[in-house]
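# A structural walkthrough
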Amino acid sequence: AKPFARFLDRIVTKIPDYFIAVTQELREALIKRGAPADRITFIACGAKTGMFDKSDAAPLRARHDIGQRPVVMYTGINSPFQRIDHLLRAFSLALQEEPTALLMVVSPLKNDPDLAANRTLAESLGIGRSVRWVEGQTLAELPDYLAMATVAAMSRPEVPGHPIKLLNYMAAAKPIVCFKGAAKGVSHMHDAYVVPDHDWQELGRGILVLLRDPVLAARLG
């Protein structure tokens, strides 16, 4: 598969008349693969920030019977490349110090095929009762789900493009904990808590720091 993928990478740089790269990283990758630099424009992704202006966490907190528990929120699919395993292990560390915390994994898929494996891992880590799995979240519900978040988390280490969920977290003004590979346009302790790639222990520490320091969390958000 890898030789075939490399062949496709070479072909895709020859066919188009023009390219739009959503990150500088992707622009440089296209140039490295032979695309002419003068036919590539970098245009960053955007988010409809107005979606988040009237968000309301109260109905969803009532629906999920959460009360005022602190919520660590992840919105996205459960696919292995998202490394929810890192997130679950990180949360297990934070939960030892903040036992009332709740992790919500909110997927837009109605029958997320990878949820079962992640649920099994959560149970094996002994945190099953502190994790809520949501399937079939609609785009219209996204602002209200993010409004519930005390901390918004991303656990995918390598992101060649711009993570849309990162923009959504930012538009919702939430404190973000993420790996360096996903920190496109944000920097550590300026507008996010950024940790080394694949270091789930540090991811857990970042979650715990923001759960315990509401002033810092508000500033980063």
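Residues numbered from 1 in each chain as written. Predicted model: local features only at pLDDT ≥ 70, side-chain atom pairs only at ≥ 80, totals over all residues. Heavy atoms only, no water.

### Details of the packing of helix H4 (residues 84–97) against helix H5 (residues 115–124)
Put simply, the rule is: Only the contacting stretch of a helix is used when fitting its axis, a line to C-alpha atoms as for every element, and angles between N-to-C directions run 0 to 180 degrees. Counting from the N terminus, the helices are DSSP H or I runs at least four residues long and the strands are E runs at least two residues long. Orientation is classified from the angle alone, with under 35 degrees giving roughly parallel, over 145 giving roughly antiparallel, 65 to 115 giving roughly perpendicular, and any other angle giving oblique. Put simply, a crossing is left-handed when the front helix is turned counterclockwise from the back one by less than a right angle, and right-handed when it is turned clockwise. The contact definition used throughout considers only heavy atoms, calling two residues in contact when any of these lie within 4.5 Å. All amino acids are sorted into three groups, where Ala, Val, Leu, Ile, Met, Phe, Trp, Tyr, Cys and Pro are nonpolar, Asp, Glu, Lys and Arg are charged, and the leftover types, Gly among them, are polar.
The N-to-C vectors of H4 and H5 enclose an angle of 25°; their axes lie 10 Å apart at closest approach. Judged by the inter-axis angle, H4 sits roughly parallel to H5. In the crossing of H4 with H5, the sense of the turn from one axis to the other is right-handed. Within the contact between the two elements, H4 uses Ile84, Asp85, Leu88 and Arg89 and H5 uses Asn118, Leu121 and Ala122. Residues of the contact of H4 with H5, tallied by class, amount to four nonpolar, one polar and two charged.

### Observations concerning the pairing of strand S4 (residues 102–106)
In plain terms, the rule: Exposure categories follow from relative accessible area, calculated using a 1.4 Å probe and restricted to protein chains: below 20% of the type maximum is buried, above 50% is exposed, and the middle band is partly exposed. For two strands to be treated as a pair, DSSP must find no fewer than two bridges joining them. Clockwise travel from the first strand over the helix to the second, with the strands pointing away from the viewer, marks a crossover as right-handed.
Counting buried positions over the five residues of S4 gives five, a clear majority of the element. Across the two faces of S4 the burial is the same, with Leu102, Met104 and Val106 and Leu103 and Val105 all buried. In this structure, strand S3 (residues 71–75) lies alongside S4, joined through five bridges in parallel fashion. For Thr75, the partnering residue across the bridge sits in S4 and is Val106. In this fold, the crossover linking S3 to S4 by way of H4 has right-handed handedness. Strand direction decides the pairing type here: S4 and strand S5 (residues 131–134), joined by four bridges, are parallel. Looking at S5, one finds that Met104 is bridged to Arg132. The parallel pair S4 and S5, bridged by H5, forms a crossover whose chirality is right-handed.

### Digging into the nonpolar core
Soluble globular proteins tend to pack their nonpolar side chains together in the buried interior. Inclusion rule: What we call a nonpolar core is a set of buried Ala, Val, Leu, Ile, Met, Phe, Trp, Tyr and Cys residues that are connected through their side-chain atoms within 4.5 Å.
With 60 residues, the main nonpolar core has Met73, Leu88, Met104 and Val131 as its most contacted residues. Top contributing element to this core by residue count: H4, with seven residues. In this structure Met104 touches His64, Ile66, Val71, Val72, Met73, Tyr74, Arg132, Val134, Tyr145 and Met148, once residues within four positions along its chain are discounted. If you look at the next biggest cluster of nonpolar residues, it comprises five residues, including Phe19, Ala21, Leu30 and Ala35.

### Here's the deal with the sheet that holds strand S7 (residues 176–179)
The pairing of strands in a sheet comes from backbone hydrogen bonds and takes either a parallel or an antiparallel form. The sheet built from six strands is open, its strands ordered S5-S4-S3-S6-S7-S8 with parallel pairing. At either margin of the open sheet sits one strand with a lone partner, and together these are S5 and strand S8 (193–195). The sheet shows a mean angle of 20° between the axes of neighbouring strands, taken without regard to direction. Relative to the sheet, H4 contacts S3, S4, S5, strand S6 (151–153) and S7, its axis offset from that of S4 by approximately 165°. Sitting on the sheet, helix H8 (residues 200–212) touches S3, S6, S7 and S8, and the angle it makes with S7 is about 170°.

### Let's talk about H8
How we decide: To estimate the expected span of a helix, count its residues, drop one, and scale the result by 1.5 Å.
The end-to-end C-alpha separation of H8 is 18 Å, in line with the 18 Å expected for 13 residues at 1.5 Å each. The set of residues buried in H8 consists of Leu203, Gly204, Gly206, Ile207, Leu208, Leu210 and Leu211. Buried positions along H8 lie against S3, H4, S6, S7, S8 and helix H9 (214–220).

### Overview of the side chain of Asp191
Spelled out, the test is: We call two N or O atoms a polar contact when they sit within 3.5 Å, provided that within protein one can donate a hydrogen and the other can accept it, with sequence-adjacent residues counted only if both atoms are side-chain atoms.
Tracing the sequence through the fold places Asp191 in the loop between S7 and S8. A polar atom in the side chain of Asp191 sits 2.9 Å from the backbone nitrogen of Ser187. Leaving out residues up to four positions away in the same chain, Asp191 has contacts with Gly185, Val186 and Leu220.

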